[in-house]
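One letter stands for each residue in the lines below.
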Amino acid sequence: MMNKKRLFVGALALALSMTGLSSAQDRVVLRVWTGSSSPVENEFKEKQIAAFEAANPNIDVDLLISPDYGTQIRAAFASGDYPEVFTVGQFDFPQWQADGLLAIGTDKIEDAEGIYEGLRAAFTADGELYCAPKDFSTLALLYNIDAFEAAGLALPDETWTWEDMAAAAEALTKDGMVGFSAAADKFRWMAFFYANGAQLFDDEGKVAFDSPEAIEALEFYQSFVANGHGKLPSDLNSGWNGEAFGKGAAAMTIEGNWAIGYLRDTYPQLNWGVTEIPLAPNGGRGTLTFTECWAVSSRAQGALADAAWKLVNFLTGPNDDGAKAVAEAGFGVMPARAEFGDLWLSTVGEEYSAFVKGAEYAVAPIFPLGFADFDAAVNEATTLVMTLEESAEDALREAADVARDINGE
Amino acid sequence: MANSAALDLSSADKPKRSWPKFLQGETLVGWSFLTPSVIILFVFLILPLLMAFYFSFTNWSGTRPLDQPDAYQFVGFDNYQRWIIDGRRTDDFYRAVRNTLYYVLGVVPVQTVIALVLAVIVNQRWLRYKGFFRTAFYFPSITSSIVVSFIFLFLFSAGGPINTLLQVLNPSYQPIAWTGNNDGLIHLLLGGLGITRDTAGEWAQARILGLRAWDWIAGPSVALSTIMALAVWTTTGTLMVIYLSALQGIPSSVYEAAEVDGATGWAQFRYITLPLLKPTTFFVITLGLIGTFQVFDQIYVLQNDTTARTTTSVAYLVYTTAFRGTSPNLAEASAIAVVLFVIIFIATLLQRRFVGGDQAEY
Amino acid sequence: MTTTAPSLAAQATIPTRSPLSIILSVLAIAFLAAFAIIQIAPFILTVANSFKCDAAVENRPMAFIPRLETISCRDAEGRFILPDQQVDGLFFSPSLDGYRGILVNQLPRWAFNTLFLSVVVTVLRVIFNSMAGYALARLRFPGKRVIFFVVLGVLMIPGVVLLIPRFLLLKELGLLNTYHGYIITLASDAFGILLMKQFFESIPGEIEEAAMVDGASRVVIFWRIVLPMATPALTALTIFSFQGNWNNFMDALIILGGNTELYNLPLGLTVLRGSGQDVQYDLVLAGSVVTTLPMALIFFFFQRYFVEGISYTGLKG
């Protein structure tokens, strides 16, 4: 009921402003949609919106935290009647941008240079930045300090190489613990893929997914399982890496900063540390990043569009209630602006600096639009390799062939 | 006579013999009784189905607003081609078909039999605290699926109670992680006999509908089998209630007559109860078939990355195609759904022919 | 089990009881009780775990005996306590944090919506489903066979692909984000129609025949004679319909998703509990108890209408 009333008022206000009868009292109503994340984060978003409304008395925000955002926003898109401001995940961005749902933000997003370049790249198409990243996560190497000390090993640091990691995994595999929990997930091993200098496409736009560097990266990731120094989380009675690591079933794993809150809350007794993902043989660094942005609807016009961008800048900008507030809140995700990295660390703890450092070289692993079959093929390849049913070389060649087929090579 | 009582009743069931005189005038009543339901089903289910069917011949992403002039183009049978005929995704599709078939064949008979047994038991005159037992047996249908999945993961974990029990029974048994195991049961059986993919012969390598013959005969994987066990556990309560309501429909006079004739116990069950429950059994199997072919929830809750290949059902594939991954695509999902609809329809017709027997009217 | 249990049970009905039959019936009861415990245990664990902190739910799910004193999930410094500080073997110290987490301002509103929508839809379904089921089972008229297959076909549609088309239709009809939109959409369902149809087919037709001979019309026969006889099936239908709507997530999301005032409990609790790796299991379970317990009570209340062996003869004439 509220919605309709507000909509009506909004429409009336719009009509009045168009007929030149507008006054300073005109109210704009913004519909804002996002998905439900943790209870703390939901509350954070509500507070942010309340602060915005207090600062902008002529703008009303109708916030909807959806129980199933993906379904609900898609239905709204299909109908053409969708909110003025909404969140976009990096994997949805190519499709939603191509579908013409998002307004261009290049000239609207204030102080865009302050946002990490890798994050901006995830939401850039045809040279235009569409939406403002609100926060992000990166992958890093999590290690069990007690297990390392018990094995008499030095703790891993940023100088670690793949060789060091393999040797440690071997030494740590004993007493019902394996060295490494290796999820059969392309968004884990592809951190090694990028570190090793591999790319989806070469400079000429040809598929390079089965390059020697790519094969080497996947072979390295597979080697833990192949030689028994690592296992899949499902073989460690766990739903995911974080659980296997938390239970003490694996001494190392690769996970993102979302694991901080989970491990603190669920396994508070665990003594663990985190460092950057080890250096590739060529000395290269790599990690993956996962991010979400606040976008404005391409259908919002005039005063509505202005109010929408005002809100987006408020939620993501360097102000007290935007990126800075994300840093001070200190839940799983990190602020998208480099200047607040240290503030975030001072909130959650300096020991997690590896996640922030990763932001400098992280890649958002997004497959181009139209490559859904390739996406599925990579999932398949990853599973086959990690269950030791196929060699990395064969699996990657098969997946790359799918991409070549799509690419018309 | 027990037999004749049953026969009388079932023949009374057939309207065409019972009241030929009253045929006139029933058209009006019949249609007015049906109208509210038909309107609702038509508007809210059949129209959307027709829309989905229409979209299956387009390239609509599902997110592009339909009021845009270029919302979609017609692509003919491209989506079907790609998933069903010989496109890039046929192996994914037929693997899901295989998983679904094993799921249906495993779950339907077991849940039907258990539901019948439970219903007959809690319907016994001598049983005290019936309310308690009925509620208890219904509980799995209303218990949170998340808790159930936690408990299942615990029961089947490598160090969990099931493995411990098996080790006590058979000390040489090597514990396995049930919920993460992709080995097919038939493959395991053949493996025990020394037959593997490489020794099975030429036929095993033959490709039929996107999969090797060897992969078709894999049987349900260990992981899928645990999901099937969970499904049986959660659905029998519902089916028990259907049987229970049908058991009430059997007049007590039939049993009284049978007891006079000396038919007791097993004979009563075999020759009176079972034949009279035939329409219900038929209904329960039809429902079971349709429900299991569309299995989605249980897979959603219990699948993990590794077991996706042997546990993804067709309905789950529809979901992931429509809403997950890079470039989700509603048109392609609709094409898969249309094919699933056809598969279920054929399966139901076959069941009516072979299981239904002479239940011609239904 | 398939064959022995019913025969055990049936033998126990022999009027003259031998010592053997008594032993057998005791065994049967023991077997039933054991089976019942297996069926209920997960719910007991649900209740027990709903009083645990998030960490203990995941790590110590099997402890189910509460101690008397309650605790908080966070210590004085605001850090979460260790699972072992809460759980010791099969014992645990209950915490109310999960229930506090779901106790938000809107909870009573959501509970009301759930109850209201479930009751109205169930009443309508009982009426519309039994009318349609009766027509398909007993009446003879042109088009009946086609309608039967259409109803059966509706069950075969994989619901996922219908979500967005349904949303578009409901929007065109102006039914989004309204109570009546939800009620109209769900006022009849294929499963209920088929359930009633197969029940009507399984009851003897002589009674209706006799009433017809007496000159009663079809409508009178349906309301006065057939519906009262259908109590067991209507009971089953009521239970299924109530449960289906009480737990309905997807229809509620599509129809009511735009307005949190209209949310039912499944929608509201899903927002509260979080998603993905951020799911708060204590909130999930507290919510699950809140939604399951009324269902269990309703089932227990309605199952008494499953009275064995209705005598049809008394209804004749």
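As the structure is a computational prediction, the values presented were derived from the model and not from experiment.

Digging into the overall build of chain B
(1) Moving on: When helices and strands are tallied, chain B shows 18 helices and two strands.
(2) Moving on: Taking the principal axes of its C-alpha atoms as reference, chain B extends roughly 65 × 65 × 45 Å.
(3) Moving on: For chain B, buried positions account for 51% of its 362 residues.
(4) Moving on: When contacts within chain B are restricted to residue pairs at least 6 apart in sequence, long-range pairs at least 24 apart make up 71% of them.

Observations regarding the overall build of chain A
(1) Moving on: Scanning chain A for helices and strands turns up 17 helices and 12 strands.
(2) Moving on: Along the longest, intermediate and shortest principal axes, the C-alpha atoms of chain A span 75 × 50 × 35 Å.
(3) Moving on: Taking all contacts inside chain A whose residues are at least 6 apart in sequence as the whole, residues at least 24 apart take part in 71%.

Focus: the domain arrangement of chain A
Residue and element names in this part refer to chain A.
(1) Moving on: When the domains of chain A are assigned, the result is domain 1 (2-137 + 290-356) and domain 2 (138-288 + 364-407).
(2) Moving on: Here the C-alpha centre of domain 2 lies 32 Å away from the C-alpha centre of domain 1.
(3) Moving on: The set of elements that each furnish at least two residues to the side of domain 1 that touches domain 2 consists of helix H4 (93-98), helix H5 (117-122), strand S6 (132-144), strand S11 (289-296) and helix H15 (353-358).
(4) Moving on: Broken down by class, the residue content of the side of domain 1 that touches domain 2 amounts to 14 nonpolar, six polar and one charged.

Looking at the interface of chain B and chain C
(1) Moving on: Listed by partner, the interface residues are 89 residues for chain B and 93 residues for chain C.
(2) Moving on: Per-element tally for the side of chain B that touches chain C: the top contributor is helix H3 (residues 26-55) of chain B, with 20 residues.
(3) Moving on: When the residues that make up the side of chain B that touches chain C are grouped by side-chain class, the tally is 62 nonpolar, 23 polar and four charged.

What about the interface of chain A and chain B?
How big an interface is tends to be stated in terms of accessible area lost as the parts join.
(1) Moving on: Taken together, the contacts link 32 residues of chain A with 28 residues of chain B.
(2) Moving on: Those elements that provide at least two residues to the side of chain A that touches chain B are helix H3 (69-79), H4, helix H16 (372-386) and helix H17 (392-407) of chain A.
(3) Moving on: Of the residues contributing to the side of chain A that touches chain B, the split by class is 14 nonpolar, 11 polar and seven charged.

Section: unusual backbone geometry
Residue and element names in this part refer to chain A.
(1) Moving on: The residue Asp175 is not glycine, and still its phi comes out positive at about 50°.
(2) Moving on: Along the chain, the position of Asp175 falls in the loop between helix H7 (162-172) and strand S7 (178-181).
(3) Moving on: Judged by the 9 C-beta atoms lying within 10 Å of it, Asp175 is exposed.
(4) Moving on: Even without being a glycine, Leu388 presents a positive backbone phi close to 60°.

Re the environment of A:Ser297
Residues and elements named next belong to chain A.
(1) Moving on: Tracing the backbone through its elements, the reader meets Ser297 in the loop between S11 and helix H12 (302-316).
(2) Moving on: For the pair Ser297 and Asp81, spaced 216 residues apart in sequence, the C-alpha separation works out to 10.0 Å.
(3) Moving on: With residues up to four places along the chain from it excluded, the contact list for Ser297 reads Tyr82, Pro83, Glu84, Leu101 and Ala103.

Observations concerning the environment of A:Ile59
All names here are of chain A.
(1) Moving on: Tracing the sequence through the fold places Ile59 in strand S2 (residues 59-66).
(2) Moving on: Classification of Ile59 by C-beta neighbours within 10 Å gives buried; the count is 20.
(3) Moving on: For the pair Ile59 and Leu304, spaced 245 residues apart in sequence, the C-alpha to C-alpha distance is 9.3 Å.
(4) Moving on: Residues in contact with Ile59, not counting those within four places in the same chain, are Val28, Leu30, Glu53 and Ala307.

As for the packing of helix H11 (residues 222-248) of chain B against helix H13 (residues 231-246) of chain C
(1) Moving on: The geometry of H11(B) relative to H13(C) is characterised by a closest axis approach of 8 Å and an angle of 160° between their N-to-C directions. Taken together, H11(B) and H13(C) sit at an angle that is classed as roughly antiparallel. Crossing of H11(B) against H13(C): the hand is right-handed. Across the interface between the two elements, B:Val241, B:Ile242, B:Ser245 and B:Gln248 of H11(B) pack against C:Pro232, C:Ala233, C:Thr235, C:Ala236 and C:Ile239 of H13(C).
(2) Moving on: Partitioning the contact of H11(B) with H13(C) into residue classes produces six nonpolar, three polar and no charged.

With respect to the sheet that holds strand S3 (residues 91-92) of chain C
Residues and elements named next belong to chain C.
(1) Moving on: Pairing in this open sheet of three strands is mixed, and the strands run S1-S3-S2 from one edge to the other. Each edge of the open sheet carries a strand with a single partner, namely strand S1 (65-66) and strand S2 (87-88).
(2) Moving on: Sheet topology note: the S2/S3 ladder contains two bridges and is antiparallel. When the sheet's bridge partners are listed, Asp88 is paired in S3 with Phe91.

What about the confidence of the model for chain A?
(1) Moving on: Here chain A shows a mean pLDDT of 91. Residues at 70 or above account for 94%.
(2) Moving on: In this model, residues 1-24 of chain A is a region of pLDDT below 50 whose contacts with residues beyond four sequence positions or in other chains number 25 contacts.

Rules used in this analysis
Residues numbered from 1 in each chain as written. Chains lettered and ligands numbered in written order. Predicted model: local features only at pLDDT ≥ 70, side-chain atom pairs only at ≥ 80, totals over all residues. Helix = DSSP H or I, 4+ residues; strand = E, 2+ residues; numbered from the N terminus. Buried ≥ 20, exposed ≤ 12 C-beta atoms within 10 Å, placed from the backbone. Contact = placed C-beta atoms within 7 Å. Domains from an automatic or database assignment. Nonpolar A, V, L, I, M, F, W, Y, C, P; charged D, E, K, R; others polar. Axes fitted to C-alpha atoms, helices over the stretch in contact; angles between N-to-C directions. Parallel < 35°, antiparallel > 145°, perpendicular 65-115°, else oblique. Left-handed = near helix turned anticlockwise from the far one by under 90°. Pairing = 2+ DSSP bridges. pLDDT = per-residue confidence, 0-100.

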